[in-house]
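Each chain, letter by letter, is given below.
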Amino acid sequence: MIDLYFIQDVLLPPLLEGVLVTVKLIILSIPSGLILGILIAVGRVYGNKFISSLCAVYTIFFRGTPLLIQLFIIYYALPSIGIFFSPFMAAVTGFILCSGAYHSEYIRGAIQSIKTGQMMAAEALGMSRIKAVLYIILPQALRRAIPGCSNEIIYLIKYSSLAFMVTCVELTGAGKIIATRHFRYTEVFMVVGIIYLLVVSIVTKFLSMAEKKLKIPGLG
Amino acid sequence: MHEDNKIILKVEEIYKRYRKEEVLRGISFEVRKGETKVIIGPSGSGKSTLLRCINQLTIPDKGQVWLEGEEVTHTKKSINQFRQKMGMVFQDFNLFDHINALGNVEIGLIRVKGMDKNRAREKAMEELKQVGLEKQAYLYPAQLSGGQKQRVSIARALVMNPSVMLFDEPTSALDPELIGEVLEVIKNLAINGMTMVVVTHEMGFARSVANEVIFIESGRIIDQGSPYKLFTNPEHERTKKFLYRITELYGKSVEER
Amino acid sequence: MTENLLLVYQSLPYLLKGSIITLGLIGGALALGLIMGIPMAIGQVYGNKYVANLISLYVWFFRGLPVLVLLFLFYFGLFMFLGFNLTALTAAILVLGLRSAAYQSQIFRGSIQSVGEGQMMAARSLGMSKLKAIFYIILPQALRISIPGWSNEYSIILKDSAVTYAIGLTEILTRGNFIATRTYQPLPIFLTCAAIFLILTYGGVKLLNILEKKVKIPGYGSYSNSGKEY
């Protein structure tokens, strides 16, 4: 039933091309999403009323609506007001905006969980707000946010498959195309599935090792 | 004589209200160079708030603060400049959890004063030696005992070369057997001429170190005077009552420990 | 601008019918996830090694794959392979449900573990069997603790329901797309779809919050705070 030649000769080459696209998608989106998340979280907690509300609205929208709709709006709807994205860039933009919102919530929670005494001590030494946030609050908050943000990173790796829905052919897309052409859905998607499982497992392991390394000595 | 007895800190008519409660109702006092003022009083009398009003971590509703002749409240200058000259030690230590002891002490020099990293490290190490913790320099706050944490926090404040040190119940969060080491450090500071304001429950310490003791209750100064006068012959009934309760609880003086 | 508003107004009935399908989909998936998730959690905490490992494998599989891949795999692949002929809706409920079971089992597992051994010990010391103890002592507490996490799962499944567009299910997004391609007005239509999702998401979470308050055990704080108040 499972045709090994098919898998080797017909399936794998396009799939590997798809993997390449997936990798490009996530390498661009993950760091940018994190940085955006940090900015939004800091803006939300320390910004004035206007900035804080802006960040709140942004977060509510991007966490309250499906990623797929966000992608559709970016790729299919924005052209009607003159903004054009390539499929790849539409996907990347959507991923950055969406994961930025999720990251910001984890980071915001982490910032708020840091005792007010830390900020007080920093200010008592004469640090300005900005310095205190940069040197005292964020280093601790980011460490606390690692479990949540790692979770979000894994999510993004899986949801990168939605890029196919705006015609960017990554791993899942490549699989669907081959499967449709040869009517071999089960085999194709089992292979695709295995590749995702591998990537997710490896990245999960890597992230939990990173978490251990970055732990503050002595703290639970 | 004029130099040695100059007024370092002056606090005038400080008022502070939190929601419905008036926590401070017109506090005024002066601290001269080298003096140690100890503030005592029941919990909730506003003592911690008072200290925070001095370095403007809490902004008073009314009143003024002067540091070495310059007004701190209502100033055009950045408050950060003044805070560098006022060292504060908190009841909960508030060490920066993500850096080790040495890092905690040097960060003010590096990030606030802009000192060169190597020089800052040297000075920080010196300061840690002064409080007896050079062996613990590379340990993190979570790995230190309460008494060690507080001593690091004192070093952190001292290394900035402040004109006045503010202590907010420095030993209240410590286990009894650790109190002694911290009081020892503070006492040495006093002996070496540091200008200090100390809020504390430690009566024995107050007796042996203070130049003047101020008793605050319900946001007002009820009594003030030399330790001898306050502890042996207080003017007011409330002072007597408070001291009686406190010495029941805390008993021993520093020497007796 | 007014033509846009008119268009939105006219499309609403069609889109809202899609919300009914979406809600049906979510309801079915969450229910399936719940029915499977609780026993799975119990199996992982109290079961023997084999059971626990088997469940872990299931969880690893269904959490490690993207929803889209699972939908393609099951709807186009496995179901046809096994001779099933399912509607898109049924297939979607099954796939989302099986996946939700994996996530929900972990939510309940965490809650059960946080109830604490002491409770189980006390129950056993009274003579209760393990099963009775789980049913009468552990679960009532664990379920309450699970509400915030479960509300998160609701929100996630709601958003995932849009992915069923890929297998042609006529839910909100599919219908929106249908209208958008015919009227060449994607922006107002998709924004409307987004708005519908927003309302469903936050409305649902709000309802679950109310539920949490209603069933709260007197004396305990909210389980969604870390408990730190200054």
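Quick note: structure is the one above.
This report concerns the structure included in the present document. On a predicted model such as this, the values are computed, not experimentally measured, just so you know.

1. Quick look at the interface of chain B and chain A
Consideration 1: Of the residues lining the interface, 23 residues belong to chain B; the matching set on chain A comes to 21 residues.
Consideration 2: Counting the surface lost from both chain B and chain A, the interface buries some 2,000 Å², and carbon and sulfur atoms represent 66% of this.
Consideration 3: Contact with chain A buries surface across chain B, with Phe96, His98 and Arg111 of chain B losing the most and accounting together for 30% of the total.
Consideration 4: Along the contact surface separating chain B from chain A lie zero salt bridges.
Consideration 5: Taken together, the links from chain B to chain A amount to seven residue pairs in polar contact (both at pLDDT 80 or more).

2. Let's talk about the interface of chain A and chain C
Consideration 1: Counting residues at the interface gives 40 residues for chain A, matched by 38 residues for chain C.
Consideration 2: With both chains or domains summed, chain A and chain C bury close to 3,400 Å², and 77% of this area falls on carbon and sulfur atoms.
Consideration 3: Counting every contact that joins chain A to chain C gives zero salt bridges.
Consideration 4: Our count for the chain A to chain C interface comes out at eight residue pairs in polar contact (both at pLDDT 80 or more).
Consideration 5: Mapped by element, the contributors of at least two residues to the side of chain A that touches chain C are α2 (49-64), α3 (67-77), α6 (129-159), α7 (171-182) and α8 (185-214) of chain A.

3. Let's talk about the arrangement of the chains
Consideration 1: Of all two pairs of chains sharing an interface, the pair with the highest contact count is chains A and C.
Consideration 2: At the C-alpha level, the nearest point of chain B lies 13 Å from chain C, with no contact between them.

4. Description of the sheet that holds strand β9 (residues 212-217) of chain B
Residue and element names in this part refer to chain B.
Consideration 1: In space, the six strands of this open sheet follow the order β6-β7-β8-β3-β9-β10, with mixed pairing throughout. Where the open sheet ends on each side, the last strands, each with one partner, are β6 (86-89) and β10 (220-225). Here the strands of the sheet are splayed against their neighbours by 20° on average, with no regard to which way each runs.
Consideration 2: Against the sheet, helix α5 (residues 146-158) touches β6 and β7 (164-168), its axis set at about 170° to β6.
Consideration 3: Sheet strands in contact with helix α6 (residues 176-191) are β3 (36-40), β7 and β8 (196-199), and its direction is about 150° off that of β8.

5. Here's the deal with the nonpolar core
Consideration 1: Core analysis: the biggest nonpolar cluster contains 115 residues, and Leu15, Leu25, Phe95, Leu162, Met165, Phe189 and Val192 of chain A have the highest contact counts within it.
Consideration 2: In terms of residue count, the dominant contributor to this core is helix α4 (residues 88-115) of chain C (twelve residues).
Consideration 3: Apart from residues lying up to four places away in sequence, Phe95 of chain A is in contact with Leu25, Ser29, Leu67, Leu71, Gly100, Leu156, Tyr159, Ser160 and Ala163 of chain A.
Consideration 4: Counting residues in each nonpolar core, the second largest holds 102 residues, with Leu9, Val72, Leu183 and Ile186 of chain B among its members.

6. Notes on the packing of aromatic side chains
Residues and elements named next belong to chain C.
Consideration 1: What the rule picks out here adds up to 18 aromatic pairs over all chains.
Consideration 2: Between Tyr14 and Phe178, the aromatic rings sit 6.0 Å apart at their centres with planes inclined by 50°, giving tilted as the arrangement. Here Phe178 lies in helix α7 (residues 172-183) and Tyr14 lies in helix α1 (residues 2-46), a separation of 164 residues in the sequence.
Consideration 3: Judged by relative accessible area, which is 32%, Tyr14 ranks as partly exposed.
Consideration 4: Ring geometry for Tyr75 versus Phe76: centroids 5.2 Å apart, planes at 65°, classification edge-to-face.

7. Notes on the pattern of salt bridges
Once the charged atoms of two side chains with opposite charge are near each other, the side chains can pair.
Consideration 1: Applying the stated criterion to the full structure yields 17 salt bridges over all chains.
Consideration 2: The salt bridge partner of Arg44 of chain A is Glu105 of chain A, with a shortest N-O separation of 3.4 Å. Here the residue Arg44 of chain A occupies a position in helix α1 (residues 4-46), and Glu105 of chain A occupies one in helix α4 (residues 87-112), the gap between them amounting to 61 residues.
Consideration 3: Arg44 of chain A gets classed as partly exposed once you look at its relative accessible area, which sits at 22%.
Consideration 4: As a salt-bridge pair, Glu212 of chain B and Lys37 of chain B come within 3.1 Å of each other at their nearest N and O atoms. Taken together, the residues Glu212 of chain B in strand β9 and Lys37 of chain B in strand β3 connect sequence positions 175 residues apart. Assigned by exposure class, Glu212 of chain B and Lys37 of chain B land together as buried.
Consideration 5: Three or more residues joined by partner-sharing salt bridges are found here, namely Arg44, Glu105 and Arg108 of chain A.

8. Comments concerning the packing of α1 of chain C against helix α2 (residues 49-64) of chain C
Residues and elements named next belong to chain C.
Consideration 1: Close contact between α1 and α2 brings their axes to 8 Å; oriented N to C, the two are set at 135°. Of the possible angle classes, the one that applies to α1 and α2 is oblique. Judged by the twist between their axes, the crossing of α1 over α2 is left-handed. For the pair α1 and α2, the contacting residues are Met36, Met40, Gly43 and Gln44 in the first and Val51, Ala52, Ile55, Ser56, Tyr58 and Val59 in the second.
Consideration 2: Of the residues contributing to the contact of α1 with α2, the split by class is seven nonpolar, three polar and no charged.

Thresholds applied
Residues numbered from 1 in each chain as written. Chains lettered and ligands numbered in written order. Predicted model: local features only at pLDDT ≥ 70, side-chain atom pairs only at ≥ 80, totals over all residues. Heavy atoms only, no water. Contact = heavy atoms within 4.5 Å. Buried area = accessible area lost by both parts, 1.4 Å probe. Salt bridge = Lys/Arg side-chain N within 4 Å of Asp/Glu carboxyl O. Polar contact = N/O pair within 3.5 Å; in protein donor to acceptor, adjacent residues only side chain to side chain. Helix = DSSP H or I, 4+ residues; strand = E, 2+ residues; numbered from the N terminus. Pairing = 2+ DSSP bridges. Axes fitted to C-alpha atoms, helices over the stretch in contact; angles between N-to-C directions. Core = buried A, V, L, I, M, F, W, Y, C linked by side-chain atoms within 4.5 Å. Buried < 20%, exposed > 50% of the residue type's maximum accessible area, 1.4 Å probe, protein only. Phe/Tyr/Trp six-rings, centres within 6.5 Å; stacked < 30°, edge-to-face > 60°. Parallel < 35°, antiparallel > 145°, perpendicular 65-115°, else oblique. Left-handed = near helix turned anticlockwise from the far one by under 90°. Nonpolar A, V, L, I, M, F, W, Y, C, P; charged D, E, K, R; others polar.

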